[in-house]
Amino acid sequence: MSVSDLVQRFRPNLLLETNEPFVEESWSSLKIGCEELKVQGNCTRCGAVCTNPTKGVREAEPLATLTQNREITQFGIYVEISNPAMVLKRGDIIQPVFK
């Protein structure tokens, strides 16, 4: 499944590329410039992400792969924005703060 397909299914507000699977679960916050987004918790996914957005039918993927080595269906994190007027721009440097 392509990244584009996954983005359609998971509908993230912010997509970060990392080298380690599920590394976001070890973050306490994200710093973007002088702003900080506090991690509120992991995002538990339901079967809706298995609905093919083009065909409208349920498939086993991507949850089958996500749960292959884990017994939970968590993928991604929720963050709290400290400044509602914050504006993100492509190319902004994002620094994770680890727990």
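Please refer to the structure higher up on the page.
A. Expanded view of unusual backbone geometry. Here the amide bond leading from E61 into P62 is cis, since omega sits at 10°, within 30 degrees of zero. Counting through the fold element by element, P62 comes out in the loop between β2 (35-44) and α2 (63-66). In this structure, F22 is a non-glycine residue whose phi angle is positive, near 60°. With respect to the helices, strands and loops of the structure, F22 is situated in the loop between α1 (3-10) and β1 (27-32).

B. Seen up close, the environment of E36. Tracing the chain through its elements places E36 in strand β2. The spacing of E36 and V79 is 43 residues in sequence and 9.6 Å in space, taken between C-alpha atoms. Those residues within four positions of E36 in sequence are excluded, and the remaining contacts are S29, L30, K31, E80 and S82. Here the side chain of E36 touches S29 through a polar contact of 2.6 Å, side chain to side chain.

Parameters at a glance
- Residues numbered from 1 in each chain as written.
- Predicted model: local features only at pLDDT ≥ 70, side-chain atom pairs only at ≥ 80, totals over all residues.
- Heavy atoms only, no water.
- Helix = DSSP H or I, 4+ residues; strand = E, 2+ residues; numbered from the N terminus.
- Contact = heavy atoms within 4.5 Å.
- Polar contact = N/O pair within 3.5 Å; in protein donor to acceptor, adjacent residues only side chain to side chain.

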